[in-house]
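# Residue-level structure breakdown
Each chain is listed here by its residues.
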Amino acid sequence: MNILLNGRAIRTEASTLSELLIEQQIDAACVASAFNGMFVPKSQYSSQTLEEGCQLEVLSPMQGG
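Only a predicted model underlies this, so the values are computations on that prediction, with no experimental measurement involved.

## Looking at the pairing of strand S1 (residues 2-5)
Consecutive side chains along a regular strand alternate between the two faces of the sheet. The alternating pattern of S1 places Ile-3 and Leu-5 on a buried face, while none of Asn-2 and Leu-4, on the opposite face, is buried. One ladder, built from four bridges, connects S1 with strand S2 (residues 8-11); its direction is antiparallel. Bridge pairing in S2 links Asn-2 to Arg-11. Where S1 lies against strand S5 (residues 55-59), two bridges are found, and the strand directions are parallel. Within the sheet, the bridge partner assigned to Leu-5 lies in S5 and is Leu-56.

Below, the structure is given as structure tokens:
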């Protein structure tokens, strides 16, 4: 299926957010995610299903000042 990941169009075989993070080699413990603009708690990564054309934002927290 085709989705947008951080504003970039990609093709994926993943069916859940958790599978997508593994596929893209992203450490789920180190990111925050939003599905179609809505925050997704880490506890729901494995149950958050993906759909054609969905928009995902996967962000790493930043430190500094």
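## Looking at the sheet that holds strand S4 (residues 38-40)
An order of S2-S1-S5-S3-S4 is seen for the five strands of this open sheet, with the pairing classed as mixed. In the strand order of this sheet, the two ends are held by S2 and S4, each with one partner. Taking the axes of each pair of neighbouring strands and ignoring which way they run, one obtains an average angle of 35 degrees across the sheet. Where strand S3 (residues 32-35) lies against S4, three bridges are found, and the strand directions are antiparallel. Paired with Ser-33 across the two strands is Val-40, which belongs to S4.

## What about the environment of Met-62?
For Met-62, the position within the fold is in the segment after S5. Remark: the alpha-carbon pair of Met-62 and Ser-33, spanning 29 residues in sequence, is separated by 14 Å.

## Some details on unusual backbone geometry
Excluding glycine, a negative phi dihedral is what most residues carry, and trans is how most peptide bonds are arranged. Positioned with a positive phi, Asn-6 is a non-glycine residue whose angle comes to about 50 degrees. By secondary structure assignment, the location of Asn-6 is in the loop between S1 and S2. Classification of Asn-6 as partly exposed rests on a relative accessible area of 39%. Its identity is not glycine, yet Gln-25 carries a phi of approximately 55 degrees, on the positive side. With respect to the helices, strands and loops of the structure, Gln-25 is situated in the loop between helix H1 (17-23) and S3.

Conventions and cut-offs
Residues numbered from 1 in each chain as written. Predicted model: local features only at pLDDT ≥ 70, side-chain atom pairs only at ≥ 80, totals over all residues. Heavy atoms only, no water. Buried < 20%, exposed > 50% of the residue type's maximum accessible area, 1.4 Å probe, protein only. Helix = DSSP H or I, 4+ residues; strand = E, 2+ residues; numbered from the N terminus. Pairing = 2+ DSSP bridges. Axes fitted to C-alpha atoms, helices over the stretch in contact; angles between N-to-C directions.

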